[in-house]
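# Chains, contacts and geometry: an overview
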Amino acid sequence: KNQCRSGLTCPNPKCVSPALWGEMDHFACFNKISNALQLKVKGMVSKYYEGTLRCDDMTCGMQTKQLSVCGATCLARGCNGKMVNVFGESDLWTTLIYHSTLFDMSHGMEEAERIVKGEERSFNKKVAAQSIGESDKKTFEMLKGVSDGMLQGSAYNFVRPSLFSMFFKESVQ
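Residues numbered from 1 in each chain as written. Predicted model: local features only at pLDDT ≥ 70, side-chain atom pairs only at ≥ 80, totals over all residues. Heavy atoms only, no water.

## Some remarks on the environment of glycine 145
Rules: The helix and strand labels rest on DSSP assignments: H or I over at least four residues marks a helix, E over at least two residues marks a strand, and numbering proceeds from the N terminus.
When you line up the elements, glycine 145 lands in helix 5 (residues 134–153). Glycine 145 sits 41 residues away from aspartate 104 along the chain, and the two C-alpha atoms are 9.4 Å apart.

## So, the confidence of the model for the protein
What counts here: For every residue, the pLDDT score states the predictor's confidence, bounded by 0 at the bottom and 100 at the top.
Mean pLDDT for the protein: 84, with 88% of residues reaching 70 or above. Strand 1 (residues 53–55) holds the highest mean pLDDT among the elements of the protein, 95, whereas helix 6 (residues 161–167) holds the lowest, 68.

## Notes on the nonpolar core
Note the threshold: Residues grouped as a nonpolar core are buried Ala, Val, Leu, Ile, Met, Phe, Trp, Tyr and Cys residues, joined through side-chain atoms within 4.5 Å. Each residue is assigned to one of three classes by its accessible area relative to the maximum for its type, calculated with a 1.4 Å probe on protein chains only: buried under 20%, partly exposed between the two thresholds, exposed over 50%. Contacts are assigned to residue pairs with any non-hydrogen atoms lying within 4.5 Å of each other.
In this structure, Leu8, Ile33, Leu37, Leu96, Phe103 and Met150 are the most contacted members of the largest nonpolar core, which totals 18 residues. Where this core is concerned, the elements lending two or more residues are helix 1 (26–50), helix 2 (89–102) and helix 5. If one sorts the elements of this core by residue count, helix 1 sits on top with six residues. In this structure, leucine 96 is in contact with Val41, Met150, Leu151 and Ser154, ignoring residues within four places of it in sequence.

Here you go:
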């Protein structure tokens, strides 16, 4: 009962084929999860670029894609609220970080250790790591690579060095 299970197993007890989420091998399981992850992130990026704004006044609740010429003020007559993004860049960044940590085995082990610490059970990272198969570990590494690639593609939390070289070029004489 206190055994470490792979995250590639369906948790539904009534599942007909729980191993590898019903797929035949680890490669097919990786493809299934990777495609679902990429589709979800693309959907969230599309949602971000829709640019939908919502009034922060609870009594108004106006939603639009238009901006006022007066800044972030609400377009509804008589409303003093401000328009805020429904799905902003920080929401997208938080989701990308979540996906990155979701497939990080070392992060998962630390979280499991933190959760078990408050209970009467003990947790050994080494034993847990040994109980997970090499194929499962490799699949998680590849999924982490996919999610990290999407995270690196986001420029939210990074300043590119080329930005500074554009402004501070040495003049050639």
